[in-house]
Structure formats: C-alpha cells, structure tokens
Amino acid sequence: NAGVMQNPRHLVRRRGQEARLRCSPMKGHSHVYWYRQLPEEGLKFMVYLQKENIIDESGMPKERFSAEFPKEGPSILRIQQVVRGDSAAYFCASSPLGRNTEAFFGQGTRLTVV
Amino acid sequence: AQTVTQSQPEMSVQEAETVTLSCTYDTSESDYYLFWYKQPPSRQMILVIRQEAYKQQNATENRFSVNFQKAAKSFSLKISDSQLGDAAMYFCAYSGTASKLTFGTGTRLQVML
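What counts, and where the lines are drawn
- Residues numbered from 1 in each chain as written.
- Chains lettered and ligands numbered in written order.
- Predicted model: local features only at pLDDT ≥ 70, side-chain atom pairs only at ≥ 80, totals over all residues.
- Heavy atoms only, no water.
- Helix = DSSP H or I, 4+ residues; strand = E, 2+ residues; numbered from the N terminus.
- Rg over C-alpha atoms; globule rule 2.2 N^0.38 Å.
- Buried < 20%, exposed > 50% of the residue type's maximum accessible area, 1.4 Å probe, protein only.
- Contact = heavy atoms within 4.5 Å.
- Areas by Shrake-Rupley, 256 points an atom, 1.4 Å probe, with all protein chains shown as cover.
- Lys, Arg positive; Asp, Glu negative; His and termini not counted.
- Charge placed at Lys NZ, Arg CZ, Asp CG, Glu CD.
- Disulfide = S-S within 2.5 Å.
- Buried area = accessible area lost by both parts, 1.4 Å probe.
- Polar contact = N/O pair within 3.5 Å; in protein donor to acceptor, adjacent residues only side chain to side chain.
- Nonpolar A, V, L, I, M, F, W, Y, C, P; charged D, E, K, R; others polar.
- Core = buried A, V, L, I, M, F, W, Y, C linked by side-chain atoms within 4.5 Å.
- Phe/Tyr/Trp six-rings, centres within 6.5 Å; stacked < 30°, edge-to-face > 60°.

1. Let's talk about the overall build of chain A
Point 1. Looking only at helices and strands, one finds zero helices and 11 strands in chain A.
Point 2. Mapped in sequence order, the helices and strands of chain A form the string β-β-β-β-β-β-β-β-β-β-β.
Point 3. Taking 2.2 N^0.38 as the reference for a compact globule, 114 residues should give roughly 13 Å; the C-alpha atoms of chain A span a radius of gyration of 13 Å, in line with that estimate.
Point 4. The buried share among the 114 residues of chain A stands at 45%.
Point 5. Considering only contacts within chain A whose residues lie at least 6 apart along the sequence, 53% involve residues at least 24 apart.
Point 6. Put simply, chain A shows about 5,700 Å² of open surface, and 47% of that area lies on carbon and sulfur atoms.
Point 7. Across chain A, the 17 positively charged side chains and the 11 negatively charged ones have centroids separated by 6 Å.

2. Description of the state of the cysteines
Point 1. What the rule picks out here adds up to two disulfides over all chains.
Point 2. One disulfide bridge connects A:Cys23 with A:Cys92, the sulfur atoms lying 1.8 Å from each other. When the S-S torsion is -50°, as for the bridge of A:Cys23 with A:Cys92, the disulfide is left-handed. Here A:Cys23, found in strand E3 (residues 19-24), pairs with A:Cys92, found in strand E9 (residues 88-95); they are 69 residues apart in sequence, far enough to count as distant.
Point 3. The buried category is assigned to A:Cys23, whose relative accessible area is 0%.
Point 4. Between the sulfur atoms of B:Cys23 and its disulfide mate B:Cys92 the distance is 2.0 Å. Sign of the S-S torsion, about -70° for the bond between B:Cys23 and B:Cys92, identifies this disulfide as left-handed. Here B:Cys23 is found in the loop between strand E3 (19-21) and strand E4 (24-26), whereas its partner B:Cys92 is found in strand E10 (residues 88-95), with 69 residues between them in sequence.

3. Some words on the interface of chain A and chain B
Point 1. In this complex, chain A contributes 27 residues to the contact, which on the side of chain B involves 23 residues.
Point 2. Interface area for chain A against chain B, summed over the two sides, is near 1,900 Å², with a carbon-plus-sulfur share of 45%.
Point 3. Where chain A meets chain B, there are seven residue pairs in polar contact (both at pLDDT 80 or more).
Point 4. Taken together, the elements giving at least two residues each to the side of chain A that touches chain B come down to strand E4 (31-37), strand E5 (43-50), E9 and strand E11 (109-113) of chain A.
Point 5. Looking at the side of chain A that touches chain B residue by residue, the class counts come to nine nonpolar, 11 polar and seven charged.

4. So, the nonpolar core
All names here are of chain B.
Point 1. Ranked by size, the top nonpolar core spans 25 residues in total, and within it Tyr 25, Trp 36, Phe 75, Leu 77 and Tyr 90 carry the most contacts.
Point 2. Contributions of two or more residues to this core are made by E3, strand E5 (33-39), strand E6 (46-52), strand E8 (64-69), strand E9 (74-79), E10 and strand E12 (107-112).
Point 3. Sort the elements by how many residues they give to this core and E10 lands first, with four residues.
Point 4. Once residues lying within four places of it in the same chain are set aside, the contact partners of Leu 77 are Val 19, Thr 20, Leu 21, Trp 36, Val 48, Ile 49, Phe 64, Ser 65, Val 66 and Tyr 90.

5. Things to note about the side chain of B:Gln44
Point 1. Counting through the fold element by element, B:Gln44 comes out in the loop between E5 and E6.
Point 2. On the basis of relative accessibility, which here comes to 18%, the residue B:Gln44 falls in the buried class.
Point 3. Looking at B:Gln44, its side chain comes within polar contact range of the main-chain oxygen of A:Phe105, at 2.9 Å.

6. Side note on the packing of aromatic side chains
Point 1. By the definition in use, this model includes 15 aromatic pairs over all chains.
Point 2. Centre to centre, the rings of A:Tyr35 and B:Phe103 are 5.7 Å apart; their planes meet at 90°, and the pair counts as edge-to-face. Placement of the pair is A:Tyr35 in strand E4 and B:Phe103 in strand E11 (residues 101-103), with the two residues belonging to separate chains.
Point 3. Of the residues examined, A:Tyr35 reaches a relative accessible area of 0% and is grouped as buried.
Point 4. An aromatic cluster of at least three residues, connected via ring pairs, comprises A:Tyr35, A:Phe45, A:Phe105, B:Tyr33, B:Phe35, B:Tyr37, B:Phe91 and B:Phe103.

Written out as structure tokens, the structure reads:
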C-alpha cells in the first residue's frame, strides 16, 4: 500500500507563472488536506477536500489559489500568477475518515519562485 | 480559534539521556486529539504519538511518551534513551471538530554524542 504521493518534489516557477501541485492519497482514503510550510515555520492549514467537494477552505488565500479533488485522479493545488512569497513547502495529508485521527503526510512539494 | 504554542525553539540532549519537549494549547472544545510529529531533514512528517482527549491515560510508543494535563492544556513529549536519529524538528498539533490540524511553531532537537 503506497503512501501519500506528491509530485513534483521540487518545482521552480518564474513570477507570474502557474504552479500545479499534485497529491495522490493513500488507497482507500477519501479525505485530503493541504498545508503550507514557510521556511522555519510550522505547517499552516490551507484546505480540506473530499471527493468532488471542498469541505473547509478557511486557510486558502482568497486570490490565485484553488484546489480540487476530482472523482478520478489526484488532488490538485493550483497557484496562479505565482509571487516570491508563495515559495514554501506544500504538504498533502490524507485520511480515511473526516477526523484527523489517522492522517498520513506526503513528502511535500518545495515550490521556489524566482 | 484553537492555538498551539511551543515555547522552546531549540533543545539539545545527550545521547541516551531523556528530554522533554513542551506544548500548550488553547481550545474550548472537549473532544479533540493531540499529536506530536517529527520532521527530519528529509521534510517527511512522521507521526510520533497521538493522544485522545477523553482518555486520561498518557499515550506511550516505545521510547516516546506524553504527559497530558487536560485541565492545564499541556501536552509535553518525553523522549527516553535519546538516539542520534531522534534529531529533528518536532511539531505539536491539535485536531478538533474542524478536522484540520493546527500546528505549533516547532522545536528543533539536537542530539549530542
């Protein structure tokens, strides 16, 4: 049973480009969470999704950021028109239940905006 | 809103000794979970230990144990017989009815030979 898979591991984008981060949850997990970790800081919640539904997006910036978790395929975190301040590690976690009792994390995607 | 505070940015311990990492939290909820995660240089977030708030007994996982003081809203992590591989960032986290995890700012643990 493969763990949570995130790709790419490293992503470099120029200012103004789009970044797409992918997360494939563990088999049997239908709940996905995205977190952002700025350098030397803890992880901050961004969004919680179930298949085809956004459950909680209270941590998502109002502009340029969006997330989806389609019926088929991975969850996608999309950042449009990236700026230097978007440089961070983005982590995905999945769980089989709605409560974060058994959340498993991917290895993260490190986004660098140049 | 729930908050998690880790007041020790850095800690060090001698190999084979015991170290305690502190964590306090603030919540008005009665049903919640508390976690300690380890983040080594690889950045992988590894669950170390989990405590359910309604359980009075402190959780234990091999060399790792917690001191859960619900009334004081304190959740410290004790690492016994420290090993070089324990060196990492340690994050305390809270999960309540909102389901998401709220993390502290982390404690960097160094293990000395």
